[in-house]
Amino acid sequence: MANEFPQDLVDGYGRYLQKGYVRFREQQEQLAIYGQKPEVLVISCCDSRVAPEGVFHAGPGELFVVRNVANLVPPFEQTEGQHGTSAALEYAVRVLKVKHIVVMGHAKCGGVQAFRQNANAPLATGEFIGRWIKLLEPAAIAMACMPVDRLDDPQLAMEYAGVRQSLKNLRTFPFIDQACTDGSLKVHGAWFDIGSGELRVMDPETERFETCPGYEIIAAPQG
């Protein structure tokens, strides 16, 4: 059948029932009855290689996750239109009362690359992606005028700058700014290296990204 459901997903669901669901069954049942109460919202890229639940080894109900192209937060606006990321922010902060928001960029981000390559990138001038990645323009201007990083890698520098801009945009939402001011909410920047598994966290004072302290990557066993 042309519309046959992907067999890989069916097989994966079978493994989930046998292992994942069995492991978290009681927790899942409690979540179904009493609802979710995550304390952390993660804004991540929709890149298939970057799954926040996997990176942070989080179980069901522990993270509220928003994923979009290039892990961007748009500035607050009240114009007509479909504001999916903004709606998720509002729900997470006003309804779920999350205590932390983490904007997590990543290495080799295709959205950032499309912005850097401008019209030469596939879909950079597309109906939706082209307009969406223009949200990176203020980040590029800030990076050019007052560079925080001294990097030879312009892709990495733009990935960092995008996270910083999204953190600034978060504070344009009145309900987020108020929650940060009264201390009930904290916002954080992070960056994940797909290949090495390294997580870097942004220092709120210097805005520099440093390797997550206290942990080291264990080499795979040989042979």
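Residues numbered from 1 in each chain as written. Predicted model: local features only at pLDDT ≥ 70, side-chain atom pairs only at ≥ 80, totals over all residues. Heavy atoms only, no water.

As recorded in an unreviewed UniProt entry, the protein goes by the name Carbonic anhydrase, listed as coming from Pannonibacter phragmitetus. Per UniProt, the comment on the protein under Function (unreviewed entry) is "Reversible hydration of carbon dioxide." Under the UniProt heading Catalytic activity (unreviewed entry), the note attached to the protein is "hydrogencarbonate + H(+) = CO2 + H2O". (UniProt positions renumbered as here; feature names shortened; annotations may be inferred.)

Student: Lay out the packing of aromatic side chains with the relevant residues and their values.
Tutor: Tallied over the entire structure, the rule returns seven aromatic pairs. Note on Y16 and Y21: the rings are 6.1 Å apart at their centroids and 55° apart in plane angle, and the pair reads as tilted. A relative accessible area of 34% means that Y16 is categorised as partly exposed. Measuring from centroid to centroid gives 5.5 Å for F76 and F173, while their planes differ by 75°, and the two rings are edge-to-face. With F76 in the loop between β2 (63-68) and α3 (84-95) and F173 in the loop between α7 (154-170) and α8 (174-181), this residue pair connects regions lying 97 residues apart in the sequence. A relative accessible area of 33% means that F76 is categorised as partly exposed. (Phe/Tyr/Trp six-rings, centres within 6.5 Å; stacked < 30°, edge-to-face > 60°. Buried < 20%, exposed > 50% of the residue type's maximum accessible area, 1.4 Å probe, protein only. Helix = DSSP H or I, 4+ residues; strand = E, 2+ residues; numbered from the N terminus.)

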